[in-house]
Amino acid sequence: MRSTVSNGADFARTRVFKKMIRIYPREDVCIGCRLCEIHCIVQHSKSRNIIKAFKSERRPRKRVEVEEEGHVSFALQCRHCEEAPCVTACLSGAMSKDPKTGAVNNDPERCIGCWTCILVCPYGAIHRVEDGHVAGKCDLCPDREVPACVANCPNEALVMEEV
Amino acid sequence: MARDIRYAVIGNSAAGINACEAIRGLDKEGDIAVFSDEHYPAYSRPMISYLVAGKADAKKMLYRSRSFYKSHGIELRSGTRVAKVSAKRHSLTTQTGETLTWDNLLLATGSTPFIPPIPGLDDIDYLTFISWADAKRLSSLLRGNPRVLIVGAGLIGMKAAEALAEGLAQVTVVEKMDRILPLALDDEASRMVSDRFGKAGVKLTNGTSVTSLEAEGSGKTGDGKARAGRATLEDGSTIDFDLLIMAVGVRPRLELATSAGLETNRGILADDYLRTSHRDIFAAGDVAEAPDVVFGEPRVNALWPNAALQGKYAGLNMAGAETPCPGSTSMNSVEFLGLPVLSAGLVNPPDGGYEVISRRDNEGYYRKAVLRDNIIVGMITAGQVDRAGILTSLIQERANVRRFKSALLEESFSHIYFPKAVREGRIFEEKVGTDAARR
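Residues numbered from 1 in each chain as written. Chains lettered and ligands numbered in written order. Predicted model: local features only at pLDDT ≥ 70, side-chain atom pairs only at ≥ 80, totals over all residues. Heavy atoms only, no water.

S.K.: So what's going on with the pairing of strand β12 (residues 229-233) of chain B? Residues and values would help.
M.R.: Residues and elements named next belong to chain B. Every second residue of β12 is oriented toward a common face, the buried set being Gly 229, Ala 231 and Leu 233 and the non-buried set Arg 230 and Thr 232. Bridge count for strand β11 (residues 210-215) against β12 is five bridges, and the pairing is antiparallel. Residue pairing for β12: Val 210 is matched across the bridge by Leu 233. Direction of pairing for β12 relative to strand β13 (residues 238-241): antiparallel, over a ladder of four bridges. Counted as the bridge partner of Gly 229 is Phe 241 from β13. The turn joining β12 and β13, which pair antiparallel and follow one another in sequence, is formed by four residues; a positive phi near 90° is taken by Gly 236. (Buried < 20%, exposed > 50% of the residue type's maximum accessible area, 1.4 Å probe, protein only. Helix = DSSP H or I, 4+ residues; strand = E, 2+ residues; numbered from the N terminus. Pairing = 2+ DSSP bridges.)

This is how it looks when you write it as C-alpha cells:
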C-alpha cells in the first residue's frame, strides 16, 4: 500500500515495488556533518518530526554512525549482507533476511537481547536499543522511496544503489 | 536403486535447522527428513532460562515459524529416536525398528549433560538444564522459594542461576574452578558478572566441589529418590537444598557415530566441510569436533552460534556446494542481570607467546584482546558491547592488527582505524566475517 508521510520539509513515500537497494558511503565527499544520523533518528521516532523526536519523545537510537578521524569521515550502517552472520547466529529466530528486498531485519517481538548478533556482526552495525532490551539496526527505511540518511545527505556522501 | 530419503538430518536444533535451510537454498526438490527424539518443533535452547524466568512464553521459544517445515518441504519426525546408523548400507533405524535409507546424512545430535559420579547422587532426583522438558520440570518444582543448589558455574549453570535469582528461589552455585564462567570468560569479566550475582543474592562458592550428597528422607518421589538433600564440600562444610541442578558440563552424543563406525575423538571428527570420515555423513554443532580457526585444530565448541554456522555449511556441502566452513571458533554472547558480556576465540591464553592488552573503566566497560605475533586470536568485551563484532570478524579472519593495535581497546574501535584499502574492501566487497568470506 502506498502511504505518504510528511516529515518536515521532506516528503517521502513508500517504495511502490519492493526493490533491492543498498546504501554505500563515499568518504571522499563526507563532511562529517552527521545529518544522516539526525534524520535516521527522526525517521525512527514516533512522530517523525525533528523537533518532537529530539525534544519531547523518547529518542530512538541512530542506525547509522559517522566514523571520524582527522579529516576522514564516512557514515556506515548495516550492509544487509548476502550471507548475513547475524541471521545465522540469532538464537531466537528474530533476525531474518527478507527474500524480496534482501533487507536484514530484526523482529523486536522475538528478540530476547542476547547480543549474539552483535557478537558476529563484522561491521559493528547492530546496536542495543530501547533501553538495551532488544537489538536494532538499519532497516533501509521501508516506508520511504529513498532512505532518510541518503535523502538528507547534503553532499551525496551516502548513495543508494539498486541491486 | 533410489534410496528413501535424499537428505536425512538427525537433530532438530541450531545445526539441523540451519542445515535444512542451506540445503533448501540449493536444492528445491530433494526430500529432507528431520529426526528428533524431542516432541517439539525446533526451539531456542538457550532461551529455556527466559522461559523459567517468565520472560518468554511457549510461542517465543519457537526458533522458526509454525509453517517452517511445511514451507521448506521438510518431514519432521519428532519424538522419533534414531537407534542405529549404518554407513555401509546408507541407512538408519529408528527405535521402533523402521529402517530407512538415505543419500546424505547429518548427525546433529547435540550433547547431553555430563553427570560426575558423586557418592550419593543416585539417591537424589536431580535436575539438568539443557532442554525445554528440563525447564518445564524445573518450573513445576518452584513452589515456596526453594533452596536450589547448582553444581557447575558454566553458561548453563549461571543462566539457570540468573533465571531463579529474580525471586523464584534461593540459589547457591558451587564451581570447582576458582571463578564462575571459567571457560567463556577471564578473571576480570568473571568478577564483573560475579558482582551482579552477588547483588542479586546468589551465593557463589568457587574453588571447591561437592564430594558427597545425602538425600533427605521426606518428600521422596515415586522411584524412592528424594529431591531435597545435603551436599558436602571439600572442606567438610555442607549446603542443604530443596532442589539440585547438575550443570557441570555437556558431552557430545556420540552413540550413532560410534554405531556407524565413524572416527571420533571427543566429538565426531569432521573436516572443514563438516564431512566425517564417511563421505556421505556430515556432523555439525555440539557433537562435531571440527577445525577451529583460532586453535588451528579440531575442537568441540558446544555453543549455539557455532552450531548454527556449522549446520549451515554442512547443509551447503550435503547439497553439493563443496564450500569450507569459515570462522568456526568459540563464541559466547550473554547478558547476565543487565550486564552484556561477549567473547570470542582464545580468551585465557597459556603462558608464553601471547600478548594480552586490556582496558577497564569505571563505567563498567571492559575489553581485552589476545594477540599472537600481532594476529588477534581472542577478545572479551563487557558493558558497552555494540561494536565488539568487528573484533570477532578480525579473529575469524586471522587478521594482523599491528597497524591499529593501539585502537583495538577503544569502545569506538571501528573501520575508521583500518587502512583505507582494508576499509574499502570490507565495505564495498563485503568480504568479511564468518559467512561473507565464502563468496
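Once you've had a look at it, read on.
S.K.: Give a description of the sheet that holds β12 of chain B that names residues and reports values.
M.R.: Residues and elements named next belong to chain B. Overall, antiparallel pairing links the three strands, which are arranged β11-β12-β13 in an open sheet. One side of each edge strand has no neighbouring strand; the edge strands of this open sheet are β11 and β13. Each adjacent strand pair in this sheet contributes to an overall mean axis angle of 20°, direction not counted. (Axes fitted to C-alpha atoms, helices over the stretch in contact; angles between N-to-C directions.)

S.K.: Break down helix α7 (residues 187-199) of chain B for me, with residues and values.
M.R.: All names here are of chain B. The end-to-end C-alpha distance of α7, which contains 13 residues, comes to 18 Å, matching closely the 18 Å that a straight helix rising 1.5 Å per residue would cover. Of the residues making up α7, those classed as buried are Glu 188, Ala 189, Ser 190, Met 192, Val 193, Ser 194 and Phe 197. Of the residues trailing α7, Gly 201 is marked for its positive phi of about 85°. (Expected span 1.5 Å × (residues − 1).)

S.K.: Describe the domain arrangement of chain A, and please don't skip the residues or the numbers.
M.R.: Residue and element names in this part refer to chain A. Here the domain parsing of chain A yields domain 1 (1-77 + 142-163) and domain 2 (82-137). The interface is formed by 12 residues belonging to domain 1 together with 16 residues belonging to domain 2. Approximately 1,000 Å² of surface area, both sides summed, lies buried where domain 1 meets domain 2, with 54% of it carried by carbon and sulfur atoms. Counting the contacts that link domain 1 with domain 2 gives one salt bridge. (Domains from an automatic or database assignment. Contact = heavy atoms within 4.5 Å. Buried area = accessible area lost by both parts, 1.4 Å probe. Salt bridge = Lys/Arg side-chain N within 4 Å of Asp/Glu carboxyl O.)

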